[in-house]
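What follows is the residue order along each chain.
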Amino acid sequence: MSIPSTQRSPSKGLALKSDYLVPKPELGEVLVKIQAAALNPVGYKLMKFVPNIMSGRPFVAEHDFTGIVADANGTEFSNGNPVFGCIPVTFNSVTKQGALAEYVRVPASHIAPRPQNISPTQAAGIALVAQTAYQALFQIGGLEAGQTIFINGGSTSVGAYAIQIAKAYGAKVVAAASGKNEEFVRKMGADEVSFPLQITIPRVEKSSSVYRLYRRELCQQIRANPPPPKFHIIFDAAALADPSLYTHSHDYLAPNGVFITAVPLLNISSPSELWQGARTMFAAITPGWMGGVKRKYKMVMVENKKDDLMTIQKLVAEDSVYEFDDVLGAYDRMMSSRTTGKIIVKIVPDID
């Protein structure tokens, strides 16, 4: 594969640097020709609320990507390998590199082989959100098969992955989202809920007060219909600032359970939102013997880990594909106990 000296910009639309040099990978790094990149809500929120002097901008935006190894640079990868991965925030700020570019140099430990059954566009959005969900559930929550968990924000990207990962490991999942997203959340694998969650965020500007109303109404419904048994994990993938879901969690979270939240990105120009965030932090650090909530509160700070990427890669990978008239062969493969991913049966012969 020939590697150009500079990166081109689109002919119209965004005004990008047309003379941005293709980086040279350093020891332990690879050069990836990016095929697709994913946008994350944290990206625009940091742009909107964090000043340049604090963020270290300018730098290339975004973190999740998929692409082809252009220079393996002596690592375990080979030129031409399809990969997916994530550029950590720290690496982004130090090297000024991001996923919205044609080429990026990245540590080999930050990428994994792209499963053959996943297209580049599908793989582009996996690494950051899937690792966030995986680390929250297992490395913080200690999820085990047979446990029951509650996921708020089941229709968010992190929430959707959390539902699928938890189900893959044998947990029962109860998820909440706005009413219009209920069908989507169920398609992700959420179990039948034991109480109705007919909550719809009004179709107005979704201010902090509207979200606060949503969470309080959600909290009231769960308190009125506590699950038997209580949840082992509550994962707030929506990361809303209002503390009520946590402060009342003794009613529906098991004594040894844990309340986990993604990192809330507060609007620093909103006194109300900052106050709600402060209330949440105060509730989280106040000991139970001083009147605080007698349930653990944890915040997931995603860390790029090779082992986690490889685990996620296996979860989304398919082992093999069989035609509809060879279902018995597919079952033989499954019973061999040698599968490394999902076994797929094509009902419609001509699909990819």
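See the structure shown above.
Residues numbered from 1 in each chain as written. Predicted model: local features only at pLDDT ≥ 70, side-chain atom pairs only at ≥ 80, totals over all residues. Heavy atoms only, no water.

Draft legend 1. Broad picture of helix H11 (residues 306-316). Of the positions making up H11, those classed as buried are Asp308, Leu309, Ile312 and Gln313. Each buried residue of H11 lies within a common arc of 140° when the element is viewed along its axis, so the set occupies one face. Across from the buried face of H11, at angles greater than 90 degrees, the exposed residues are Asp307 and Lys314. If you follow the buried residues of H11, they end up packed against strand S5 (82-86), strand S7 (111-113) and helix H5 (127-140). (Buried < 20%, exposed > 50% of the residue type's maximum accessible area, 1.4 Å probe, protein only. Helix = DSSP H or I, 4+ residues; strand = E, 2+ residues; numbered from the N terminus. Arc of directions from axis to C-beta. Contact = heavy atoms within 4.5 Å.)

Draft legend 2. Spatial organisation of the sheet that holds strand S8 (residues 148-152). Reading across the sheet, the 5 strands line up as S9-S8-S10-S11-S12 and stay open at both edges, with parallel pairing between neighbours. The sheet is open, and its two borders are formed by strand S9 (172-176) and strand S12 (296-299), each paired with just one other strand. Sheet twist, expressed as the mean angle between neighbouring strand axes with direction ignored, is 20°. Contacting S8, strand S10 (231-236), strand S11 (253-261) and S12, H5 runs over the sheet at an angle of about 150° to S10. (Pairing = 2+ DSSP bridges. Axes fitted to C-alpha atoms, helices over the stretch in contact; angles between N-to-C directions.)

Draft legend 3. Up close: the sheet that holds S5. Taken together, 5 strands build an open sheet; the order of strands is S6-S3-S4-S5-S7 and the sheet is antiparallel. Since the sheet does not close on itself, it has two edges, and those belong to strand S6 (103-107) and S7, each with one partner. Sheet twist, expressed as the mean angle between neighbouring strand axes with direction ignored, is 45°. When strand S3 (residues 29-38) meets strand S4 (residues 64-71), the two strands line up antiparallel, connected through 7 bridges. Paired with Ala38 across the strands is Asp64, a residue of S4. Seen against the sheet, H5 touches S4 and S5 and runs at an angle of roughly 60° to S5. In the packing of H11 onto the sheet, the strands contacted are S5 and S7, and the crossing angle to S7 comes to about 30°.

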